[in-house]
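Topology and contacts: notes
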Amino acid sequence: DGGITQSPKYLFRKEGQNVTLSCEQNLNHDAMYWYRQDPGQGLRLIYYSQIVNDFQKGDIAEGYSVSREKKESFPLTVTSAQKNPTAFYLCASSKRQPNTEAFFGQGTRLTVV
Amino acid sequence: AQSVTQLGSHVSVSEGALVLLRCNYSSSVPPYLFWYVQYPNQGLQLLLKYTSAATLVKGINGFEAEFKKSETSFHLTKPSAHMSDAAEYFCAVSTNTGNQFYFGTGTSLTVIP
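Cut-offs used in this document
Residues numbered from 1 in each chain as written. Chains lettered and ligands numbered in written order. Predicted model: local features only at pLDDT ≥ 70, side-chain atom pairs only at ≥ 80, totals over all residues. Heavy atoms only, no water. Salt bridge = Lys/Arg side-chain N within 4 Å of Asp/Glu carboxyl O. Helix = DSSP H or I, 4+ residues; strand = E, 2+ residues; numbered from the N terminus. Buried < 20%, exposed > 50% of the residue type's maximum accessible area, 1.4 Å probe, protein only. Core = buried A, V, L, I, M, F, W, Y, C linked by side-chain atoms within 4.5 Å. Contact = heavy atoms within 4.5 Å. Polar contact = N/O pair within 3.5 Å; in protein donor to acceptor, adjacent residues only side chain to side chain.

This paragraph deals with the pattern of salt bridges. Under the definition given, this model contains 6 salt bridges over all chains. Lys49 of chain B is paired through a salt bridge with Glu101 of chain A; the nearest N and O atoms lie 2.6 Å apart. Placement of Lys49 of chain B in strand β5 (residues 44–50) and of Glu101 of chain A in the loop between β9 (87–94) and β10 (103–104) is noted, with the two residues assigned to different chains. Look at Glu101 of chain A and you get buried, because its relative accessible area is 12%. The partner of Lys58 of chain B in a salt bridge is Glu64 of chain B, with the nearest N and O atoms 2.8 Å apart. One salt-bridge network, in which partners are shared between bridges, spans Arg36, Asp38 and Arg44 of chain A.

Set out below in structure tokens:
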């Protein structure tokens, strides 16, 4: 079945360490997105990519980095520069058409201790 | 700029009662609108989407939404709430000027037995 896979489901890291969240899709979508979700704040866009080897900053990109070397993969690195990294992270993908929906992975809950 | 506003961060209804979740959009061009549902510690699942084909849109699980341009609204309704409807609901908008999705802050629906 086609879909988006995020791994791991839960992730614990010590403060000051970088950590990479995985996102893989087999939907053949060109566009991929990373969102951060905090209680009461909805989904905030971190980075997005419309095509391989290209990506743009979203509203809260500081302290995060991404790469898009393959169409299927869009990993997110949470760096030590991110001041409050504990959150629920959601990856999504969509076709590059204006009237299409985004498909979401199951999310990764990152806890920094 | 595109945005959506969800009125009411928490809504409680009795089982069997009408569900009404409010969403107003702000867009300088005709929007594409979506409603998503999220269960705890999971990703978002599409309930329905408006793409200008019809103003009344029917989705999964008995939900529907009506696009009202004069009111810039896209409220979500369900005639009779079920216990399984308890979840977080997000309204989202995208436009044909860019492949980005903008989400509201969400409405948490509680169904009282």
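Here the narrative resumes.
Let's shift gears to the nonpolar core. Judged by nonpolar contacts, the single largest core of 26 residues is most densely connected at Leu33, Trp35, Leu47, Leu48, Phe74, Leu76 and Tyr89 of chain B. Elements represented by at least two residues in this core include exactly β2 (10–14), β3 (19–26), β4 (32–38), β5, β7 (64–68), β8 (73–78), β9 (87–95) and β11 (107–112) of chain B. Apart from the residues lying within four places of it in its own chain, the contact partners of Leu33 of chain B are Val4, Tyr25, Leu48, Lys49, Tyr50, Phe67, Phe74, Ala92 and Val93 of chain B. Membership of the second largest hydrophobic core comes to 20 residues, among which are Ile46, Ala61, Tyr64 and Tyr89 of chain A.

Let us now look at the side chain of Arg36 of chain A. All names here are of chain A. With respect to the helices and strands, Arg36 occurs in strand β4 (residues 31–37). On the accessibility criterion, Arg36 (4% relative accessible area) is buried. A distance of 2.7 Å separates the side chain of Arg36 from the side chain of Asp38, its partner in a polar contact. Side chain to side chain, Arg36 and Tyr64 meet in a polar contact 2.8 Å long.

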